[in-house]
Amino acid sequence: MKRILVLFLVFIVCISILSAADSKEDLHWALGISSIAPVLPVGLKIVYQKGDWGWQGEANYYYLAGALRLDGRRVLKGSAGTDIYGFAGVTMNHFNGFNTEHPYLEFILSADVGAGAEWRFSNRFGVGVEGGLLIPFWCNRGLDQFDDSGLMVANIYGLYWF
């Protein structure tokens, strides 16, 4: 585990040094990876941000579960290298229930709302965190399983801006 952490930190430093030369560019698109809780370990994240308004999407599939998330986002407070933003959108989750007696396929549509923060180590590379709430509004197996409650979610990510 320590080796992975050291390699990750070395990677961040190298990307920061390599991209320091083009720090005056106005970058709007970002592509990266994210780690989403509670369901899936790794996903693909894409962001478009021009000014204060933008959108983001995430997609991943892991064995029996998958997710697709599309959000609008708005920077609430920004400074050199740090953005604090809010987001709202829709998330679709897919679960393939592995039960030999009663196999099932489940699709859940949820509204998602939350806040996030991103720190840029350079103009090109940034890391961030997000937290929010998923509020299920449709499920092919019924909403009774959620007992009128939402799901807390968390996310960490790394982005490369271009």
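Use the structure listed above.
Residues numbered from 1 in each chain as written. Predicted model: local features only at pLDDT ≥ 70, side-chain atom pairs only at ≥ 80, totals over all residues. Heavy atoms only, no water.

(A) Representation of a nonpolar patch on the surface. Together, W29, L31, L44, I46, W55, Y160 and F162 make up a nonpolar patch on the protein surface, roughly 640 Å² of accessible area in all. Taken together, the elements giving at least two residues each to the nonpolar patch come down to strand 1 (29–37) and strand 2 (43–50). Here L44 is to be found in strand 2. With relative accessibility at 47%, the residue L44 sits in the partly exposed group. (Patch = residues over 30% accessible without salt bridge, like charges linked within 9 Å, V, L, I, M, F, W, Y side chains within 5 Å. Areas by Shrake-Rupley, 256 points an atom, 1.4 Å probe, with all protein chains shown as cover. Salt bridge = Lys/Arg side-chain N within 4 Å of Asp/Glu carboxyl O. Helix = DSSP H or I, 4+ residues; strand = E, 2+ residues; numbered from the N terminus. Buried < 20%, exposed > 50% of the residue type's maximum accessible area, 1.4 Å probe, protein only.)

(B) Broad picture of the pairing of strand 2. Only one face of strand 2 is buried, namely the one carrying G43, K45, V47 and Q49, since none of L44, I46, Y48 and K50 on the opposite face is buried. One ladder, built from 7 bridges, connects strand 2 with strand 3 (residues 53–62); its direction is antiparallel. From the neighbouring strand, V47 faces strand 3, where its bridge partner is Q56. Turn length for the strand 2-strand 3 hairpin, with the two strands adjacent in sequence and antiparallel, is 2 residues, and the turn residue G51 shows positive phi of about 75 degrees. (Pairing = 2+ DSSP bridges.)

(C) Just the pattern of salt bridges, in detail. For the structure shown, the criterion picks out 8 salt bridges. Notably, a salt bridge pairs R69 with E130, separated by 2.9 Å at the nearest N-O pair. Of this pair, R69 sits in strand 4 (residues 65–79) while E130 sits in strand 7 (residues 125–139); the two residues are 61 residues apart in sequence, bridging distant segments of the chain. A relative accessible area of 6% means that E130 is categorised as buried. With a closest N to O distance of 3.9 Å, E118 and R73 form a salt bridge. Here R73 lies in strand 4 and E118 lies in strand 6 (residues 104–120), a separation of 45 residues in the sequence.

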